[in-house]
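A look at the structure
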Amino acid sequence: RLWGQAPGSSSTAMAATPDKKEAQQFLEFVKKHPHGASQGMLTAAGWEAERIAQIANWLCLQGRLQLMIGPDSKPSWKYRTAEEARKFADLAPEDVLVYQSIEKAGRRGIWTRDLKNQCNLQPHQIQKALKALEGRRLVKAVKSVQFKNRKVYMLFELEPDKEVSGGSWYRDGEFDEKLIESLRQHCEDMISSCGKATLSEIRQHLKTSGISKDDLPEEDIITVLRTLELEQKIVSFDDEGATIGDKIYQTTKWAQLEIYKEIPCASCPVFRDCTQGGGSRIGPENCEYYTKWLGLDRDVRQDDTAMQF
């Protein structure tokens, strides 16, 4: 039904063809307000109530405007492109009503029982409208991970909310265990082959590998890497040369080698001559580097300072 149209009255009478120049001006005004232009806004811009009804209703019939009724029962109109107009052409009033309810639901979607209550339509009318809207790729059905046997409907171009889709770890409402295990293996192999890798490098590697259809967000990759850390297959640490917030990841084997390289003995040129005990000239007891590495030199300095007092 058009704005101001009484039940049983003719749509044609309510939407007589206006002056095309005036209709274009009206359309351009509405276009400047993406969330909709209200009757009050149009009146303030100089349009008379009678002209608003005539032009708006005519443009609605052309599919170039969408009529929206607010909680206060006052109308507003939203702009549609020519392409959108073609998709909405010849839709039944019930189809438009269902579409508007689905649009309001956003990325969370809405299921058929709520559509029935909001639109005050019978189940067969809801199903007929959904079939028409899906056929024109205006809406789509998405399986909800929260309710296994329930589908929700949302606008075709929207990505489902994480609460609905389950995020990266779900496919068609089912937990994708194979994907997670494959990601874990790819991450471990990449880190092992490189010796070490940053989070950014790992993410880029996964993106180019094509292992996932989606571009995985950093938080999901961190979750995968964390499972490898808990199993002690890799370790992570901050690096001064890395991007802020980025981490360096290494396999446990490489990390152990890095720790070993820090021990003075690993690079000592007289390592083979070093002997413990027996009053040897070269040994751990009199090695200043070994003492410093263990922190014993600090303890000695602190004791000397205490004795001075």
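None of these values were measured; they are calculated from a predicted model. (Residues numbered from 1 in each chain as written. Predicted model: local features only at pLDDT ≥ 70, side-chain atom pairs only at ≥ 80, totals over all residues. Heavy atoms only, no water.)

1. Considerations on the packing of helix α7 (residues 112–119) against helix α8 (residues 123–135)
Two elements in contact, α7 and α8, have axes whose closest approach is 10 Å; the angle formed by their N-to-C orientations is 110°. Regarding the angle of α7 to α8, the classification is roughly perpendicular. Between α7 and α8, the contacting residues are Thr112, Leu115, Lys116 and Cys119 on the first element and Pro123, Ile126, Gln127 and Leu130 on the second. A breakdown of the residues in the contact of α7 with α8 according to their chemical character gives 5 nonpolar, 2 polar and 1 charged. (Axes fitted to C-alpha atoms, helices over the stretch in contact; angles between N-to-C directions. Helix = DSSP H or I, 4+ residues; strand = E, 2+ residues; numbered from the N terminus. Parallel < 35°, antiparallel > 145°, perpendicular 65-115°, else oblique. Contact = heavy atoms within 4.5 Å. Nonpolar A, V, L, I, M, F, W, Y, C, P; charged D, E, K, R; others polar.)

2. A short note on the environment of Ile110
Summarising the element assignment, Ile110 is placed in the loop between α6 (93–105) and α7. Overall, the relative accessible area of 6% leaves Ile110 in the buried class. Considered as a pair, Ile110 and Tyr153 are 43 residues apart in the sequence and their alpha carbons are 5.2 Å apart. Filtering out sequence-adjacent residues up to four positions away, Ile110 remains in contact with Ser101, Ile102, Ala105, Leu115, Gln118, Val152 and Tyr153. (Buried < 20%, exposed > 50% of the residue type's maximum accessible area, 1.4 Å probe, protein only.)

3. Notes on unusual backbone geometry
In this structure, Asn120 is a non-glycine residue whose phi angle is positive, near 55°. With respect to the helices, strands and loops of the structure, Asn120 is situated in the loop between α7 and α8.

4. A few points about α6
Here α6 is 13 residues long and its end C-alpha atoms lie 19 Å apart, about the 18 Å a rise of 1.5 Å per residue gives. When α6 is considered as a whole, its buried residues turn out to be Asp95, Val98, Tyr99, Gln100, Ser101 and Ile102. In this fold, the buried residues of α6 make contact with β2 (65–69), α5 (82–88), α7, α8, β4 (139–143) and β5 (151–155). Where α6 ends, the next residue or the one after it, Gly106, has phi of about 65°, a positive value. (Expected span 1.5 Å × (residues − 1).)

5. Some details on the sheet that holds strand β3 (residues 75–79)
Taken together, the 3 strands give an open sheet; going across it, the order is β1-β3-β2, and neighbouring strands pair in antiparallel fashion. Of all the strands in the sheet, the pair left with one neighbour each is β1 (37–38) and β2. Pairing geometry for β2 and β3, over 5 bridges, is antiparallel. Considered in β3, the bridge of Ile69 is made with Pro75. Helix-sheet contacts for helix α2 (residues 20–31) involve β1, β2 and β3, and the interaxial angle to β3 is about 90°. Of the strands in this sheet, β2 and β3 touch helix α4 (residues 49–61), which is tilted by about 120° from β2. (Pairing = 2+ DSSP bridges.)

6. Here's the deal with the packing of helix α10 (residues 177–194) against helix α11 (residues 199–209)
Between α10 and α11, whose axes approach to 10 Å, the crossing angle comes to 125°. As far as their axial angle goes, α11 and α10 are oblique. Note on packing geometry: the crossing formed by α10 with α11 is right-handed. For the pair α10 and α11, contact is made by Leu183, His186, Cys187, Met190 and Ile191 and by Glu201, Ile202, His205, Leu206 and Ser209, respectively. The residue inventory of the contact of α10 with α11, partitioned by class, reads 6 nonpolar, 3 polar and 1 charged. (Left-handed = near helix turned anticlockwise from the far one by under 90°.)

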